[in-house]
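Fold and contact review
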Amino acid sequence: MWRDAFLVMQKDMKIELKSKVVVNQVLPFGLVVIFLFGLAIGKVNTSALVTAGSNLSNGGALKDASAGLFWLAVTMSAIIGVQRSFAIETQDQARDALRLSALDPAGIFLGKAGALLIQLAVLELVLGLCASFLFGMHIVTLWLFLLAALLASISLCGVGVVYGALASGARTRETLLPLLFFPVIAPVLLSATKACEAAIVGNPASGMIWIEILAVFSLCYLTLGIAAFGSLLEE
Amino acid sequence: MDLVIDFQNAVFISDGYPVLTGVNMEVRTGEVIHLRGSNGAGKTSLLRAMVGLIPIKSGKAIVLGHDLASDRFDVRKDAGLLGHLSFLYDDLTILDNLRFIQRISRRPKDSVADAIRRVNITDKLAKTKVGRLSTGQRKRTALAALLIRDYRLWLLDEPHAGLDEHGRYLVDQLILDFQSEKGTVVIASHELERAMAVSSRSVIISGGSIIAAENFVDQTLRDAPDRYLGADESTIANWKAKEGSFDVA
């Protein structure tokens with residue numbers, strides 16, 4: 001299983017390195033979303049933009065919502081990442097190639113989730129820096145933020161790959177995936193936001209309960225994916 | 001000779017619709033079978049069913065000893081499908097695609113170079129992204145992928161389509177080479193002359209069922225259609241009406 005997972009992850013990463021879709025399309029989309037959130041909630045101060053160290057914030061409102069906005073931007077970008085991850089499998093019936101490959105379905109699931117996790121980590125790093133600049137989001141307890149980001153990302157990738165496989169077999173895959181993905185990921189979004197808020201204010205004690213919830217969701221979604229991916233791929 | 005494919009009254013369902021109904025078919029080791037039928041007759045579905053891509057609803061379907069009713073996954077280690085499309089990743093080069101296949105099938109590294117050589121892909125072309133290839137070049141790459149895997153059964157869906165004359169000859173040669181290595185082949189093709197040239201037997205499918213079989217070795221069967229599966233003339237006439245292109249070469 002692990003060997004199969006590594007090969008699939010390596011293949012997906014190689015495709016990304018050659019096509020650069022995440023870098024050229026998904027990342028700019030995430031940045032635009034972050035900027036639009038700033039415009040919608042904050043008071044736009046264009047002169048502040050050109051001043052080093054300034055941000056879009058009009059004070060507390062944007063800063064208070066920064067963790068939630070960051071995770072919304074990550075989730076919306078993740079949807080595109082998941083769609084891309086399965087678009088490469090539907091080109092030229094490559095999905096059938098995966099089915100015919102006789103690879104362990106659990107290995108395929110872990111491999112695709114692993115590649116998505118690496119791409120999401122890059123995305124979160126850039127979007128986090130952008131949110132920090134635009135929203136004035138300063139993290140006090142970094143380890144808590146990183147732990148929340150890791151667990152939330154595992155959940156996003158687990159759910160994304162499960163529903164990506166499910167939706168990729170449907171003719172309406174583009175519209176079906178967000179419809180399936182967002183309701184299921186809502187608890188993860190909430191927990192990640194709360195944990196990151198605790199990291200921003202420097203209160204790890206209040207963040208730990210959300211970390212525990214995130215850990216449970218990560219475990220559940222990974223287990224579900226490993227167990228069900230073979231059947232989903234065959235649908 | 002061992003039975004490679006053994007279908008008895010096999011019914012296959014796809015999206016709740018019975019795409020193949022009551023298929024009876026036996027193929028033995030080393031045979032090259034030409035699967036004939038009009039568009040939509042069920043040729044592609046039958047090939048996909050043989051490799052477990054379409055689930056069986058009832059009847060018996062055993063391929064290379066794997067009972068498709070209870071296990072339609074393990075057969076994929078031994079049977080390879082070459083479809084209308086090439087099952088390749090557009091963003092990867094030919095070499096990357098083939099190396100991926102070599103790794104997942106745990107074949108030796110030199111199997112890639114050997115396969116590339118056998119389908120006449122140049123070193124320069126091997127470094128080209130599959131998305132930039134012509135239909136014929138894609139088909140050659142897909143054939144190379146088939147060669148890398150250590151299959152015992154090839155299921156070829158229109159293998160000559162999109163290829164130039166040299167490519168078509170190459171396909172024929174690869175089929176004959178595979179047969180000489182005790183490989184078994186089922187070819188779905190509208191190109192009767194080409195397919196018949198390498199086949200030992202023809203099976204005709206219509207409306208998702210096998211309606212006739214013809215043994216090329218026994219010329220009397222070609223000349224006497226009423227001997228097809230022991231059917232009488234009125235049944236043959238019905239088949240002809242259904243099939244449209246049911247003319248024995």
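The coordinates are above.
Fair warning: this is a prediction, and the values are worked out from it, not measured in the lab. (Residues numbered from 1 in each chain as written. Chains lettered and ligands numbered in written order. Predicted model: local features only at pLDDT ≥ 70, side-chain atom pairs only at ≥ 80, totals over all residues. Heavy atoms only, no water.)

Broken down by element type, chain B carries nine helices and ten strands. Residues classed as buried in chain B amount to 56% of the 249 residues present. Nonlocal contacts in chain B, meaning residues at least 24 apart in sequence, comprise 67% of its contacts between residues at least 6 apart. (Helix = DSSP H or I, 4+ residues; strand = E, 2+ residues; numbered from the N terminus. Buried < 20%, exposed > 50% of the residue type's maximum accessible area, 1.4 Å probe, protein only. Contact = heavy atoms within 4.5 Å.)

Residue and element names in this part refer to chain B. Taken in spatial order, the four strands of this open sheet run E2-E1-E4-E5, and their pairing is antiparallel. Every interior strand has two partners, whereas the edge strands, strand E2 (17–28) and strand E5 (66–67), have only one. In the packing of helix H1 (residues 43–50) onto the sheet, the strands contacted are strand E1 (3–14), E2 and strand E4 (56–63), and the crossing angle to E2 comes to about 70 degrees. (Pairing = 2+ DSSP bridges. Axes fitted to C-alpha atoms, helices over the stretch in contact; angles between N-to-C directions.)

On to the nonpolar core. Of all hydrophobic cores here, the largest spans 72 residues; its most connected members are A:Ile34, A:Trp71, A:Phe135 and A:Phe229. Looking at this core, the elements with two or more residues in it are helix H1 (2–19), helix H2 (21–41), helix H4 (60–90), helix H6 (105–135), helix H7 (142–168), helix H8 (173–201) and helix H9 (204–234) of chain A together with helix H2 (94–104) of chain B. For this core, the element with the most residues is H7(A), which contributes 14 residues. Apart from residues no more than four positions distant in its own chain, A:Phe229 is found in contact with A:Phe86, A:Pro105, A:Ile108, A:Phe109, A:Val161, A:Ala165 and A:Leu224. (Core = buried A, V, L, I, M, F, W, Y, C linked by side-chain atoms within 4.5 Å.)

This part takes up the layout of surface pockets. Residues and elements named next belong to chain A. Its volume calculated, the second largest pocket comes out at about 340 Å³. Along the wall of the second largest pocket there are 18 residues; nearest its centre are Glu 124, Leu 125, Gly 128, Phe 145 and Leu 146. Mapped onto the lining of the second largest pocket, the elements with two or more residues apiece are H6 and H7. In terms of residue count, H6 provides more of the lining of the second largest pocket than any other element does, eight residues in total. Residue composition of the lining of the second largest pocket, grouped by class: 13 nonpolar, four polar and one charged. (1 Å grid on protein atoms, 1.4 Å probe; cavity = no way out; pocket = protein on both sides within 12 Å on 5 of 7 lines; lining within 4 Å. Points joined across faces, edges and corners; volume = space filled by probe spheres on them. Nonpolar A, V, L, I, M, F, W, Y, C, P; charged D, E, K, R; others polar.)

The next thing to look at is the interface of chain B and chain A. Interfaces are often described in size by the accessible area the parts lose on coming together. The partner chain A presents 25 residues to the 27 residues of chain B that form the contact. Across the chain B to chain A interface the summed buried area is about 2,500 Å²; carbon plus sulfur atoms make up 55%. Three residues stand out in chain B for area buried against chain A, namely B:Phe87, B:Tyr89 and B:Asp91, and they jointly supply 26% of the buried area on that side. Where chain B packs against chain A, one counts three salt bridges. For the salt bridge of A:Arg84 with B:Asp91, the shortest nitrogen-to-oxygen distance reads 2.9 Å. Taken together, chain B and chain A are joined by nine residue pairs in polar contact (both at pLDDT 80 or more). (Buried area = accessible area lost by both parts, 1.4 Å probe. Salt bridge = Lys/Arg side-chain N within 4 Å of Asp/Glu carboxyl O. Polar contact = N/O pair within 3.5 Å; in protein donor to acceptor, adjacent residues only side chain to side chain.)

Attention shifts here to H2(B). Since one α-helical turn is 3.6 residues long, residues separated by three or four positions face the same way. Counting buried positions along H2(B) yields nine of eleven residues, so the element is predominantly enclosed. Of all the residues in H2(B), the buried ones are B:Ile94, B:Leu95, B:Asp96, B:Asn97, B:Leu98, B:Phe100, B:Ile101, B:Gln102 and B:Ile104. Those residues of H2(B) that are buried are in contact with H1 of chain A together with helix H3 (110–118), helix H4 (123–126) and helix H5 (135–148) of chain B. Two residues or fewer past H2(B), B:Arg106 is found with a positive phi of approximately 55 degrees.

Packed helices, taken two at a time, are described by the angle between their axes plus the distance between the axes. Residues and elements named next belong to chain A. One can describe the packing of H2 onto H6 by two numbers: an axis separation of 10 Å at closest approach and a directional angle of 30 degrees. Taken together, the axes of H2 and H6 are roughly parallel relative to one another. Seen along the crossing, H2 lies across H6 with a hand that is right-handed. Across the interface between the two elements, Val 22, Val 26, Leu 27, Gly 30, Leu 31, Ile 34, Phe 35, Phe 37 and Gly 38 of H2 pack against Gln 119, Leu 123, Val 126, Leu 127, Cys 130, Ala 131, Leu 134 and Phe 135 of H6. Here the residues of the contact of H2 with H6 are counted per class, giving 14 nonpolar, three polar and no charged. (Parallel < 35°, antiparallel > 145°, perpendicular 65-115°, else oblique. Left-handed = near helix turned anticlockwise from the far one by under 90°.)

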